[in-house]
Amino acid sequence: MTQKITVMLGDGIGPEISDAVMRILEGAHADVAFECFSVGAKEYERTNALIPEAAYASFERNRVLLKAPITTPIGKGFRSLNVTLRKRYDLYANIRPAKANAALKTPFPHVDIVTFRENTEDLYAGVEHQIDADTVHAIKIITRSASQRIIEAAFAYARAHQRKKVTCVHKANIMKLCDGMFLDIFYEVAKQYPDIIAEDKIIDALCMRLVMNPAEFDVLVMENLYGDIVSDLTSGLIGGLGLLPSANLGDEYAMFEAVHGSAPDIAGKHIANPTALLWSACMMLEYIGQSDCAKRIHRAVDQVLQEGITLTPDLHGSAHTEEYRDAILAKLL
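Scoring rules and cut-offs
Residues numbered from 1 in each chain as written. Predicted model: local features only at pLDDT ≥ 70, side-chain atom pairs only at ≥ 80, totals over all residues. Heavy atoms only, no water. Core = buried A, V, L, I, M, F, W, Y, C linked by side-chain atoms within 4.5 Å. Buried < 20%, exposed > 50% of the residue type's maximum accessible area, 1.4 Å probe, protein only. Contact = heavy atoms within 4.5 Å. Helix = DSSP H or I, 4+ residues; strand = E, 2+ residues; numbered from the N terminus. Phe/Tyr/Trp six-rings, centres within 6.5 Å; stacked < 30°, edge-to-face > 60°. Axes fitted to C-alpha atoms, helices over the stretch in contact; angles between N-to-C directions. Parallel < 35°, antiparallel > 145°, perpendicular 65-115°, else oblique. Left-handed = near helix turned anticlockwise from the far one by under 90°. Nonpolar A, V, L, I, M, F, W, Y, C, P; charged D, E, K, R; others polar. Polar contact = N/O pair within 3.5 Å; in protein donor to acceptor, adjacent residues only side chain to side chain. Salt bridge = Lys/Arg side-chain N within 4 Å of Asp/Glu carboxyl O. Pairing = 2+ DSSP bridges. Right-handed = clockwise from strand over helix to strand, strands pointing away. 1 Å grid on protein atoms, 1.4 Å probe; cavity = no way out; pocket = protein on both sides within 12 Å on 5 of 7 lines; lining within 4 Å. Points joined across faces, edges and corners; volume = space filled by probe spheres on them.

**Q** Looking at this structure, I do not really get the nonpolar core. What am I missing?
**A** Taken as a class, soluble globular proteins show a tendency for nonpolar side chains to be buried jointly. In terms of nonpolar packing, the biggest core is built from 87 residues, with Val221 and Ile297 touching the most fellow members. Excluding its chain neighbours within four sequence positions, the residues that come into contact with valine 221 are Phe116, Ile150, Ile151, Ala154, Val166, Thr167, Cys168, Val169, Phe182 and Phe186. One finds Met8, Ile51, Leu81 and Met255 within the second-largest nonpolar core, a separate group that totals 16 residues.

**Q** What is the right way to look at unusual backbone geometry in this model?
**A** Glycine aside, negative phi is the norm for most residues, and most peptide bonds take the trans geometry. One non-glycine residue, glutamine 162, adopts positive backbone phi at about 55°. Owing to a relative accessible area of 64%, glutamine 162 belongs among the exposed residues under this scheme. Unlike most non-glycine residues, histidine 270 shows phi in positive territory, near 60°. Along the chain, histidine 270 falls in the loop between strand S12 (254-257) and helix H9 (275-287). Accessibility expressed as a relative area gives 34% for histidine 270, which makes it partly exposed.

**Q** Before we go on, may I ask you to explain the environment of valine 64 in this structure?
**A** Looking at the element boundaries, valine 64 is found in strand S3 (residues 64-67). Put simply, valine 64 and methionine 255 are 191 residues apart on the chain and 5.9 Å apart in space, counted from C-alpha to C-alpha. Discounting chain neighbours no more than four positions away, the residues touching valine 64 are Gln3, Ile5, Thr6, Phe59, Ala254, Phe256, Met284, Tyr287 and Ile288.

**Q** Please clarify how the packing of aromatic side chains should be interpreted in this entry.
**A** How two aromatic rings sit relative to each other is given by the distance of their centres and the angle of their planes. Applying the stated criterion to the full structure yields nine aromatic pairs. Between the aromatic rings of phenylalanine 186 and tyrosine 187, the centroid separation amounts to 5.0 Å while the plane-to-plane angle is 80°, which identifies the pairing as edge-to-face. For tyrosine 187, a relative accessible area of 31% translates into the label partly exposed. Here the aromatic cluster, defined as three or more aromatic residues joined through ring pairs, consists of Tyr56, Phe59, Tyr89 and Tyr253.

**Q** Would you mind showing me how to read the packing of helix H1 (residues 14-27) against H9 here?
**A** Any two packed helices are characterised by the angle at which their axes cross and by the distance between the axes. Packing of H1 against H9 brings their axes to within 9 Å, and their N-to-C directions diverge by 45°. Considering their axes alone, H1 and H9 lie oblique with respect to each other. In this structure, the crossing between H1 and H9 has a hand that is right-handed. Across the interface between the two elements, Ile17, Ser18, Val21, Ile24 and Leu25 from H1 touch Leu277, Leu278, Ala281, Met284 and Leu285 from H9. A breakdown of the residues in the contact of H1 with H9 according to their chemical character gives nine nonpolar, one polar and no charged.

**Q** Looking at this model, I keep getting lost on the side chain of serine 231. Mind explaining?
**A** Within the element layout of this structure, serine 231 appears in helix H8 (residues 224-238). Looking at serine 231, its side chain comes within polar contact range of the main-chain oxygen of aspartate 228, at 3.3 Å. Sequence-distant contacts of serine 231, defined by excluding residues within four places in its chain, comprise Arg96, Thr115 and Leu244.

**Q** Honestly, the pattern of salt bridges in this entry has me stumped. Any pointers?
**A** When the charged atoms of two side chains lie near each other, side chains of opposite charge can form a pair. This model, assessed by the stated rule, comprises 22 salt bridges. Residue arginine 88 is joined to glutamate 60 by a salt bridge in which the shortest nitrogen-to-oxygen separation is 3.5 Å. Residue arginine 88 is located in helix H4 (residues 81-88), and its partner glutamate 60 is located in helix H3 (residues 53-62); the two are separated by 28 residues in the primary sequence. Where aspartate 218 meets arginine 163, a salt bridge forms, and the shortest distance between an N and an O atom there is 2.8 Å. Placement of the pair is aspartate 218 in the loop between helix H7 (203-210) and strand S10 (219-222) and arginine 163 in the loop between helix H5 (144-160) and strand S8 (165-170), with a sequence separation of 55 residues. Through salt bridges that share partners, Asp122, Lys140, Asp179 and Glu223 make up one connected network.

**Q** Just checking my understanding: could you explain the sheet that holds S3 for this structure?
**A** Here we have ten strands laid out as an open sheet, ordered S2-S1-S3-S12-S11-S4-S5-S10-S8-S9, and mixed in their pairing. Sheet topology places strand S2 (32-37) and strand S9 (197-202) at the edges, where each strand pairs with a single neighbour. Mean inter-strand twist for the sheet, computed between neighbouring axes without regard to direction, equals 25°. Packing of H3 onto the sheet brings it into contact with strand S1 (3-8), S2, S3 and S12, and relative to S1 it is tilted by some 150°. With respect to the sheet, H5 is in contact with strand S4 (93-99), strand S5 (112-118), S8, S9 and S10, its orientation differing from that of S5 by roughly 160°.

**Q** When you look at the pairing of S9 in this model, what are you seeing that I'm missing?
**A** Within a regular strand, side chains alternate between the sheet's two faces. Sheet topology note: the S8/S9 ladder contains six bridges and is parallel. Bridging from a neighbouring strand, valine 169 pairs with lysine 201 of S9. Handedness of the β-α-β unit built from S8, helix H6 (residues 178-190) and S9 comes out right-handed.

**Q** In this structure, what is going on with empty space enclosed by the protein? I would like to understand it.
**A** To find leftover empty space, a probe the size of one water molecule is rolled over the atoms. All told, the structure shown has one cavity of 30 Å³ or more when counted by the stated rule. In this structure, the largest cavity spans a volume of roughly 30 Å³. Per element, the largest residue contribution to the lining of the largest cavity is three residues, and it comes from H4. Class assignment of the residues belonging to the lining of the largest cavity gives a composition of three nonpolar, three polar and three charged.

Pasting the structure below:
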């Protein structure tokens, strides 16, 4: 049966890269049907709603969402739309694979790191209180249940994908209670996976090691704020955010998105790189049981990158988004 997919077209470059990705999925004969919605700042200006109720209803029916970058209005009291969606649908596991591509030259040709980021609590959840005119408290919330399920997800992924090691990232030397509990749970869960190496790194030491020898890491698991920062770091190791896909998974719903911003400075210039959103769509295809289609798209993109002829400016080329899209489509014929 054809899988219906809710698509949030986003702001800035969102509509451009969404269109490119949907065209490529159609060219690869993905068995999907799209329900598309305008969301974000422009939608708010038009209707006073950042995300229309019809878009929420579509996601709740389809349970699978492909989301382009969304701009949350600044200074108007709005919580990040990403945080809103993750909390509303309990999308607790943010999975961000960073893998070097031989066609793109970087100082780190052997990077293959998957970051598992807890997605619903910690400082990043945005629980803040204004104490007085000069004092704000941000609350770091860490619970056993949320910690356990993200750690279990990381180990289960490692075993299913023949990964050798899971590294817990923390600051338990300072935050002895909250990060200490996360670390304790990590080693409790690790006992169930004797075939996988379990280790831990303090967050600052991890960042140093990632820029010295990233090939020593495999699967990383961590709390929300650390994961936001570390996954951007790993994207830099492989060539930038334009190449980093992302899945946000819960027990009932799944959202797939590029992790980069809406880039309003280049919106409408037709030079945006859709690869991160496209590879997120490939993660979506794998999630809905269409792995063969995802593999065909990956091969097509790899061929275009290897040729190095039709690349967008961020990949050191001069092609428009549509030209890059068409080059990928040609490889799918």
